[in-house]
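Understanding the architecture of this molecule
Okay, here's what each chain looks like letter by letter:
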Amino acid sequence: MKNKVYFIDFHTTFQRSIFDKIGDTLSQAGFKDTIREHDKVAVKLHFGAETNFSVINPRYVRYFVNRILALDAKPFLTDTNTLYAGNRVNSIDHTNLATRHGYARSVVNAPVIIADGLVGQSEEIVKIDTKETKEAHIGSDIHHADAILALTHMTGHEAAGFGAAIKNIGMGCASRKGKLAMHSTSRPSINCDRCVGCDRCVQWCQVNAISIKENGKAHIDEELCTGCSMCISVCPFIAIRIKWNTSSEFLNTKITEYAHAVTSHKRDKMFYVNFLNNITRLCDCANIHGEYIVPNIGILFSKDIVAIDRASIDLINERAGKDLFKELYPDILWENIFSYAEKLGMGSSDYELVKIE
Ligand code: SF4
Ligand code: SF4
């Protein structure tokens, strides 16, 4: 039997609001079976880069939070800190940004808890046996949640081809060390033009891989460095460089493996909602107000992470009248994500689309 993906468009009337449609769809899709009384539920989403306006409207988020509260469970909004410097690099800046973007408790009715802690080092290791990953580094508060509701804003993606639920879970649940492993096969290095020799990274490196050299600049011993990425988050001068050297193929393999680490741990305690509106060529990490590449389509719901992402791509391509993602990123073999995810037993691309009016 094919796994179901439920779909609503944004058409509403005075008699039937978008929340009526979402509510009916959640009931039909069996959302409440994912969550038990007293469950701590991670509502995984992306709060958007500073000048990005495309992310999921907080009023939608409040609706989902209230549905979880109605099941006597405990929702919290969550994401993990970024690998790179910016306003989401530690949980103080990250939660402040979430508040600025409207995800304040008074609006969304739930706290924001950044899953990998103050500086992206709070993680749990999940052992898996996949091609590129034997140990996945997952933000602890997502790992310790009883259930996950993945609210995903669908976008294109400059390195992965597209960003949907698999990326929201695979990349978005990884601690900083996990993200570094996806983006780089090298250790971090020092940008001597920026380094002021303040010694802060030296104090935080747990394996003594960093020293200040005679020129007054820090130096990382690659033999000693474990790639924990702590130095990246503690340097106030953005002087630790990441070598973004992995291929799109490797990145997509790692993202899929990390998503597998999360979904295989949570099993039937996951539910996915993909928003197909405000769809941009770049992902929500982009610090720009990107142009929308296709008209708004609707919202998808499923318990199958592979099916919902495949259905999202198919609906976008149908609306665009062409293979939009292949046109945008002809050199990225993003379809491999689906075949690999199926091979790992994460779900099926062969889905049944159920439209709810
Ligand atoms: S924390 Fe940054 S500025 Fe300070 S020594 Fe380390 S790399 Fe240089
Ligand atoms: S990545 Fe971790 S181990 Fe490597 S130099 Fe930085 S703090 Fe030290």
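Residues numbered from 1 in each chain as written. Chains lettered and ligands numbered in written order. Predicted model: local features only at pLDDT ≥ 70, side-chain atom pairs only at ≥ 80, totals over all residues. Heavy atoms only, no water.

**Some remarks on the nonpolar core**
Filter applied, for reference: Within this scheme, the nonpolar core is defined by two criteria: the residues are buried Ala, Val, Leu, Ile, Met, Phe, Trp, Tyr or Cys, and they are joined through side-chain atoms within 4.5 Å. Here the term buried applies to any residue with accessible area under 20% of the maximum for its type, exposed to any over 50%, and partly exposed to those in between, with areas from a 1.4 Å probe on protein chains only. We count a stretch as a helix when DSSP gives it H or I for four or more residues in a row; a strand needs E for two or more, and each element gets its number in order from the N terminus. Any two residues whose heavy atoms approach within 4.5 Å at even a single point are treated as in contact.
If you look at the biggest cluster of nonpolar residues, it comprises 57 residues, and the most contacted ones within it are Phe162, Ile169 and Ile316. Take this core: its biggest share by element is eight residues, from helix 11 (residues 305-320). Not counting the four nearest positions on each side in its chain, Ile169 is found in contact with Lys44, Ile148, Ala150, Ala259, Val262, Met270, Tyr272 and Ile305. Ile22, Val65, Leu77 and Ile356 belong to the second-largest nonpolar core, a separate cluster that totals 38 residues.

**Looking at helix 11**
Stated formally: Under the convention used throughout, the expected extent of a helix is 1.5 Å for every residue step, that is, one less than its residue count. We call two N or O atoms a polar contact when they sit within 3.5 Å, provided that within protein one can donate a hydrogen and the other can accept it, with sequence-adjacent residues counted only if both atoms are side-chain atoms.
End to end, helix 11 covers 23 Å across 16 residues, agreeing with the expected 22 Å (1.5 Å per residue, within 8%). Buried residues dominate helix 11, accounting for twelve of its 16 residues. Among all positions of helix 11, only Ile305, Val306, Ala307, Ile308, Asp309, Arg310, Ala311, Ser312, Ile313, Leu315, Ile316 and Asn317 are buried. At the N-terminal boundary of helix 11, the capping side chain belongs to Asp304, with an oxygen 2.8 Å from the backbone nitrogen of Val306. Count one or two residues on from helix 11 and you reach Gly321, which has phi positive near 75°.

**Quick look at the environment of Leu282**
Considering the arrangement of structural elements, one finds Leu282 in the loop between strand 13 (270-276) and strand 14 (298-302). For the pair Leu282 and His11, spaced 271 residues apart in sequence, the C-alpha separation works out to 26 Å. Once residues within four sequence positions are removed from consideration, Leu282 is found in contact with Thr155, Gly156, Glu158, Ile288 and Tyr329.

**Concerning the packing of aromatic side chains**
Note the following rule: Two rings belonging to Phe, Tyr or Trp (six-membered ring only in the last case) form a pair when the distance between their centres is within 6.5 Å. Interplanar angles under 30 degrees mark stacking, angles over 60 mark edge-to-face geometry, and anything in between is tilted. Lysine and arginine charges are scored as sitting over a ring when NZ or CZ, respectively, is within 6 Å of the ring centre and within 35 degrees of the ring normal.
With the rule as written, the count across this model stands at twelve aromatic pairs. Look at Phe19 and Tyr63: their rings are 5.1 Å apart centre to centre, the planes differ by 20°, and that puts the pair in the stacked class. Linking Phe19 in helix 1 (residues 18-28) with Tyr63 in helix 2 (residues 58-70), this pair joins segments that are 44 residues apart in sequence. When its relative accessible area of 31% is taken as the criterion, Phe19 is described as partly exposed. Assessed through its relative accessible area of 17%, Tyr63 is described here as buried. Look at Phe47 and Tyr103: their rings are 5.1 Å apart centre to centre, the planes differ by 65°, and that puts the pair in the edge-to-face class. Note that Phe47 is positioned in the loop between strand 2 (40-44) and helix 2 and Tyr103 in the loop between helix 3 (91-100) and helix 4 (105-108), a separation of 56 residues in sequence. With relative accessibility at 0%, the residue Phe47 sits in the buried group. Tyr103 gets classed as buried once you look at its relative accessible area, which sits at 1%. Over the aromatic face of Tyr340 sits the side chain of Lys131, whose NZ or CZ is 5.3 Å from the ring centroid.

**Quick word on the sheet that holds strand 6 (residues 147-153)**
Note the threshold: Pairing between two strands requires that DSSP report at least two bridges joining them. Simply put, an axis is a line fit to the C-alpha atoms, just over the touching stretch for a helix, and the angle between two N-to-C directions goes from 0 to 180 degrees.
As summarised here, the arrangement of the seven strands in space is 3-2-6-13-14-1-15, forming an open sheet in which the pairing is mixed. The sheet is open, and its two edges are formed by strand 3 (74-78) and strand 15 (351-355), each paired on a single side. Ignoring strand direction, the axes of neighbouring strands in this sheet form an average angle of 20°. Direction of pairing for strand 13 relative to strand 14: antiparallel, over a ladder of five bridges. Within the sheet, the bridge partner assigned to Asn274 lies in strand 14 and is Leu300. Against the sheet, helix 1 engages strand 1 (3-8), strand 13 and strand 14, with an angle of about 170° to strand 1. Across the face of the sheet, helix 11 comes into contact with strand 1, strand 13, strand 14 and strand 15 while running at roughly 10° to strand 13.

**As for the pairing of strand 1**
As paired elements, strand 1 and strand 15 share five bridges and run parallel to each other. Looking at the pairing, Asn3 lines up with Tyr351 of strand 15. Relative to strand 14, strand 1 runs antiparallel, the two being bridged by four bridges. The residue bridging Ile8 from the neighbouring strand is Ile299, located in strand 14.

**Section: the packing of helix 7 (residues 176-183) against helix 10 (residues 248-266)**
What counts is decided by this rule: Residue polarity is assigned by list, with Asp, Glu, Lys and Arg as charged and Ala, Val, Leu, Ile, Met, Phe, Trp, Tyr, Cys and Pro as nonpolar; anything else, Gly included, falls into the polar class.
The interhelical angle for the contact between helix 7 and helix 10, taken along N-to-C directions, is 145°, at an axis separation of 8 Å. Residues Gly178, Ala181, Met182 and His183 of helix 7 form the contact with helix 10, whose participating residues are Phe250, Leu251, Lys254, Ile255 and Tyr258. Split into classes, the residues belonging to the contact of helix 7 with helix 10 amount to six nonpolar, two polar and one charged.

**Things to note about the site of ligand 1**
Rules: We call a residue near a molecule or strand as soon as one heavy atom of that residue lies within 4 Å of the molecule or strand.
In the vicinity of ligand 1 lie 13 residues, with Cys195, Cys198, Asp199, Cys201 and Cys235 positioned nearest. Taken together, the residues of the shell around ligand 1 break down into ten nonpolar, one polar and two charged.

**Some words on the environment of Ala29**
Among the structural elements, Ala29 can be located in the loop between helix 1 and strand 2. Counting along the chain gives 24 residues from Ala29 to Val5, while the straight-line C-alpha distance between them is 8.2 Å. Discounting residues that sit within four places of it in the chain, Ala29 has contacts with Tyr6, Phe271 and Lys303.

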